[in-house]
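Architecture at a glance
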Amino acid sequence: MALAAALRVPARILLGAGARLPGAALGLTKRAAGGGDGARRFGSQRVLVEPDAGAGVAVMRLNNPPVNTLSLEFLTELVISLEKLENDKSFRGVILTSDRPGVFSSGLDLTEMCGRSPAHYAEYWKAVQELWLRFYQCSLVLVAAINGACPAGGCLMALTSDHRVLADNPKYSIGLNETLLGIVAPFWFKDTLVNTIGHRAAERALQLGLLFPPAQALQVGIVDQVVPEEQVQSVALSAIAQWMAIPDHARQLTKAMMRKATASRLITHREDDVQNFVSFISRDSIQKSLQLYLERLKQKKG
Amino acid sequence: MALAAALRVPARILLGAGARLPGAALGLTKRAAGGGDGARRFGSQRVLVEPDAGAGVAVMRLNNPPVNTLSLEFLTELVISLEKLENDKSFRGVILTSDRPGVFSSGLDLTEMCGRSPAHYAEYWKAVQELWLRFYQCSLVLVAAINGACPAGGCLMALTSDHRVLADNPKYSIGLNETLLGIVAPFWFKDTLVNTIGHRAAERALQLGLLFPPAQALQVGIVDQVVPEEQVQSVALSAIAQWMAIPDHARQLTKAMMRKATASRLITHREDDVQNFVSFISRDSIQKSLQLYLERLKQKKG
Amino acid sequence: MALAAALRVPARILLGAGARLPGAALGLTKRAAGGGDGARRFGSQRVLVEPDAGAGVAVMRLNNPPVNTLSLEFLTELVISLEKLENDKSFRGVILTSDRPGVFSSGLDLTEMCGRSPAHYAEYWKAVQELWLRFYQCSLVLVAAINGACPAGGCLMALTSDHRVLADNPKYSIGLNETLLGIVAPFWFKDTLVNTIGHRAAERALQLGLLFPPAQALQVGIVDQVVPEEQVQSVALSAIAQWMAIPDHARQLTKAMMRKATASRLITHREDDVQNFVSFISRDSIQKSLQLYLERLKQKKG
């Protein structure tokens, strides 16, 4: 199987094996430090949370250098941070954005899927499922302020939100491009995309591994707004205000009604889905492809 | 729960508790009286039917002053009028329109949901279900000539038709805005909307309680045509002629095939849906909110 | 039942009973003969296959004069030709196009449905099902280069492909227009259309029997591209190259995931669907209509 046959965004961003590469040391940014106690209470080193309890909104900044790859630890911290906010009655909305320049999230972490044990693969996949289930069914209003490239698992995370604002930068494309790497999005990625852009557009986008640049992303409906890069945060704040004007209880029940069938489908088949992933990723051919790809990636950076 | 947090159309129209308020005396209009025996045979005081058996079309004019609120009696008369037309072989199509200025229908009747017995709530909800089941599965061609505001239950009724023509007046918006009042559209309202505008647009519209003004309504697909106000009836007649050019039997079987799964879902869960409604509406918090709202409405009019 | 009440394309093309009428003698065209041994190996007299094993693409030209009506024999040859290509590892993509001027395919063959035995109706319907099942679930990339009118069963065949390019000629309309003839598209025609253009557009198109001219076809999404007539083949080749840039295995698994539920629905109800068709088509009223229609068609040509 040919991996990365026709990548259209830099491989570093597309595959994001970066979290374990040199130069990926963690560090709070100045802005994050400004979040003070709140940031520590709700977030982590990789998930910077800036609470604004007055407005009832928290900004959750993804900060897993270099490219917000969804490692096992990062997935876990994301879920915990969101749960903390859900359990704190002073918050009604969350803005999800990146603290890393140029990338929202590079998606799943290939180093978690390569050269590990079946038990590790299973643990990792359960964490991916958990992220989706928690974010897709989140009782808070969730707005994605997409300020960077948003492929694969990054796109999945964005698709769980209630409203998506994308910065108008031709480098920031969004989509489920798994087939470009010779892998296949699972059925619940597919269901989420179908719910968002419809069956035919999803059929085409998933098979071709399309990454939509801003104008196309807006047209196909994978994002709701495209705005100048410097306005992404302010527009996201305006959008969340519109959603928060609705009585919570009615909005939450309506959201649950819209999304329950899709979430239930994974919940029902969760264990099968883990087994499918483990047996697929454990294949010799897939492992060889991933190893080759990761080695090439290291050489480029070396 | 905050009721009517952000109403964008006059409350009188939005909630339409008017049928029992002063000034709501019934009376046939001149035009309706012109329908003669036919109007009496197929319609009622609140549902004026102008049969044109030559063309095979009947115009059904909603006339429940002041704002065509869907009271229990009005719902029942609507269903009976439609049934009479369905059982008369001289009719193949119905145009549904309003005889009340400025409003198509204000939707469900809050006075039927407030300060009554659980048995009354159950009876009322069954009548709402019955309206939807009969209209959504109507064997006749059903065209809505929407000549006024069309929120909530009014929108549901319009969504049951085969073709929707909306008058181009910025005051005439259409949508399922239940969340604005702190209440939740049931799953079959949601299913009808998803069938019409797709999953993502419905998710957004239902949660935000969006009322679409004409241009937006056309763009999102909740109506099929927007035309100058004085042309609504003539355009509706042209549209129904196009639908009636199709052999009835083939069109009816095709319509049933498209709508059966959605209708069956309510039929299967009908009793549960009644129980859900009764227990939700009977809550103290909901009853208090409705009472407050209705009192404020009376004061405004006093 | 009134047949052909409002036909908008020439009846010869719409109903295509032509395969058994005078002038329908078979013959390989020059171009097809140019396919040489390959054409004979993969195709038949009615299905001309031009293999280009170098590029991994085969062009399958429909050649059942006069109007590519889907007779029992033609259906069988189409399925066999596609199977041969699927089983030959040198092919990864197929372009489906017409060798008959002005028509892609006129659809199902009414002479197979009229004046025959119930056993024949059943055999014919199974062949129609088989065509759809094989083409809709084809592991190869399938691109339709629609170079002529594409009603009813012709449209169904086009809808099974991964990408549709339509020649920009106002005579070349596409749609499932069964209701115009007083007949009803079965549920799996409907499912395929809903998957392609969504529920509401399908509800309208199926009931009205709409045949979309090029610009409308593109707008509603029943085709993906509309191009000048002389460019249909070259654009189809460009499109198939884009699809073939994706690793086969990932693309095939993704395609199967998108289409499995729809295909399974017919597989599960296949026998019922045959019985439904046989009992519907055997009705006296339907047989009389079909006979009248076919006689009128013969007189026109006589």
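- Looking at an unreviewed UniProt entry, one finds chain A named Enoyl-CoA delta isomerase 1, mitochondrial, with Aotus nancymaae as its source organism.
- Turning to chain A, the UniProt record has this under Sequence similarities (unreviewed entry): "Belongs to the enoyl-CoA hydratase/isomerase family."
- Turning to chain A, the UniProt annotation filed under Subcellular location (unreviewed entry) states: "Mitochondrion matrix".

Side note on the packing of aromatic side chains
Residue and element names in this part refer to chain A.
- Inspection of the entire model under this criterion finds 15 aromatic pairs over all chains.
- Each ring, one from Trp132 and one from Tyr136, has its centre 5.0 Å from the other, and the planes form 15°; the classification is stacked. Of the two residues, Trp132 and Tyr136 both sit in helix α5 (residues 118-136), 4 residues apart, roughly one turn of that helix. For the pair formed by Trp132 and Tyr136, the shared burial category is buried.
- Cluster of aromatic residues (ring-pair linked, three or more members): Trp125, Trp132, Tyr136, Trp188, Phe189 and Phe277.

Re the sheet that holds strand β8 (residues 148-151) of chain C
Residue and element names in this part refer to chain C.
- Pairing within the open sheet is parallel, and its 3 strands lie in the order β5-β8-β10. Edge strands, defined here as strands with exactly one partner in the open sheet, are β5 (102-103) and β10 (174-175).
- With 2 bridges connecting them, β8 and β10 associate as parallel partners. Across the sheet, residue Pro151 finds its bridge partner in β10, namely Gly175.
- Each of β8 and β10 is contacted by helix α6 (residues 152-159), which is oriented at about 95° to β8, the strand it contacts most.

Some points on the relation of the copies chain A and chain C
- Once chain A has been moved 0.0 Å along the axis and rotated by 120°, it coincides with chain C to within an RMSD of 0.0 Å. In short, the pair behaves as if placed about a three-fold rotation axis. Among all C-alpha atoms of chain A, that of Gly198 of chain A lies closest to the rotation axis, at 4.2 Å.

Overview of the sheet that holds strand β9 (residues 163-167) of chain C
All names here are of chain C.
- Across the sheet, which stays open at both edges, the 6 strands sit in the order β1-β2-β4-β7-β9-β11 with mixed pairing between neighbours. Whereas interior strands pair on both sides, the edge strands pair on one side only; in this sheet they are β1 (47-52) and β11 (225-227). Recorded for the sheet is a direction-independent mean angle of 20° between the axes of neighbouring strands.
- Bridge count for strand β4 (residues 93-98) against strand β7 (residues 141-146) is 5 bridges, and the pairing is parallel. What sits directly across from Leu96, in β7, is Ala144.
- Packed on one face of the sheet, helix α4 (residues 72-87) meets β1, β2 (57-62), β4 and β7 and runs near 175° to β2.

About the cut-offs
Sequence order as written defines residue numbering, which begins from 1 separately in each chain. For this description, chains carry letters from A and ligands carry numbers from 1, given in the order in which they are written. The predicted nature of this model means local features are confined to residues of pLDDT at least 70 and side-chain atom pairs, given and counted, to a pLDDT of 80 or more, with totals for whole chains, interfaces and linings taken over all residues. No hydrogens and no water enter the side-chain calculation; it runs on all heavy atoms of the structure. UniProt positions are given in the numbering used here, feature names are shortened, and annotations may be inferred rather than shown by experiment. When two rings of Phe, Tyr or Trp (its six-membered ring) have centres within 6.5 Å they constitute a pair, described as stacked for plane angles under 30 degrees, edge-to-face for angles over 60, and tilted for the intermediate range. The helix and strand labels rest on DSSP assignments: H or I over at least four residues marks a helix, E over at least two residues marks a strand, and numbering proceeds from the N terminus. Here's how the labels work: a residue is buried when its accessible area is under 20% of the maximum for its type, exposed when over 50%, partly exposed in between, all with a 1.4 Å probe on protein chains only. One bridge is not enough; two strands pair if DSSP finds at least two bridges between them. It only takes one pair of heavy atoms within 4.5 Å for two residues to be counted as in contact. In this description, a line fitted to the C-alpha atoms serves as the axis of each element, helices being fitted only across the stretch in contact, and the angle between N-to-C directions of two axes falls anywhere from 0 to 180 degrees. A least-squares superposition brings the copies together, and it is based on the C-alpha atoms of residues with pLDDT no lower than 70 in both.

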